[in-house]
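Each chain, written out:
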Amino acid sequence: MLRQAFREGWAQGCDTVPARVRRKVSAFLHCGDVRRGFVEVSCDECHQSDVVAFRCKGRGFCPSCTNRRAVETGVRLVALLPHVRHRQWTVSLPFSLRFLVVKRPKLLQALESRLVHAVWRWQRQVARKLGVLGPLRGGAVVFTQWFGSMLQVTPHLTCLGFPLCFTSPLGAG
């Protein structure tokens, strides 16, 4: 249904859409089409073969690729991040700024950096109030999302932060 909607209505508003969005839509429209490329795989035991079409590997427009990449990222994060409690922060932009960051993505990257530093500053302040001494180091993973669940342009940042690493006053780490 989404492919059909893009094929039928895409040309009408395409001139006003940024080039990178047009590229993503084009990739989505060709995702999984064996005429655009494929690989043949076969089972070593039963020798049955099958054709697997190339995917767009995109995020945002293609539901199957977006979901697969989200699952892969989650598995990678479970292996990489420390097994401690995490906290999530989300920054959504007011409507008046959304199209500005769509046209100038570096602004959203600057906001990402400021978000992480603000979270770390807050964590350090809380740690100091609790009597934690010594150097404090923070960690975070930030995901940039450009679209909402209904494909409306809603650039926002989701920051997954974990506690600061420190040495306790008692030396117990």
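Residues numbered from 1 in each chain as written. Predicted model: local features only at pLDDT ≥ 70, side-chain atom pairs only at ≥ 80, totals over all residues. Heavy atoms only, no water.

## Side note on a nonpolar patch on the surface
- A contiguous nonpolar patch, built from Val39, Val41, Val52 and Phe54 and spanning about 310 Å² of accessible area, is present on the exposed surface.
- Of the residues examined, valine 39 reaches a relative accessible area of 38% and is grouped as partly exposed. (Patch = residues over 30% accessible without salt bridge, like charges linked within 9 Å, V, L, I, M, F, W, Y side chains within 5 Å. Areas by Shrake-Rupley, 256 points an atom, 1.4 Å probe, with all protein chains shown as cover. Salt bridge = Lys/Arg side-chain N within 4 Å of Asp/Glu carboxyl O. Buried < 20%, exposed > 50% of the residue type's maximum accessible area, 1.4 Å probe, protein only.)

## Some points on the confidence of the model for the protein chain
- Per-chain confidence: the protein chain averages 79 in pLDDT, with 84% of residues scoring 70 or above.
- Highest mean pLDDT in the protein chain belongs to helix 5 (residues 105-129) (89); lowest belongs to helix 1 (residues 2-13) (66).
- Ignoring residues within four places in sequence, the model shows residues 167-173, a span with pLDDT below 50, making six contacts including any to other chains. (pLDDT = per-residue confidence, 0-100. Helix = DSSP H or I, 4+ residues; strand = E, 2+ residues; numbered from the N terminus. Contact = heavy atoms within 4.5 Å.)

## Quick look at the nonpolar core
- Grouped together as the largest cluster of nonpolar side chains are 10 residues: Val91, Leu93, Val101, Leu108, Leu115, Val116, Val119, Val142, Leu157 and Cys159.
- Secondary structure elements with two or more residues in this core: helix 5 and strand 5 (153-167).
- Ranked by the residues each element gives to this core, the list is headed by helix 5, at four residues.
- Apart from the residues lying within four places of it in its own chain, the contact partners of valine 116 are Ala140, Val142 and Cys159.
- By size, the runner-up hydrophobic cluster in this structure holds eight residues, among which are Val17, Phe28, Cys31 and Cys65. (Core = buried A, V, L, I, M, F, W, Y, C linked by side-chain atoms within 4.5 Å.)

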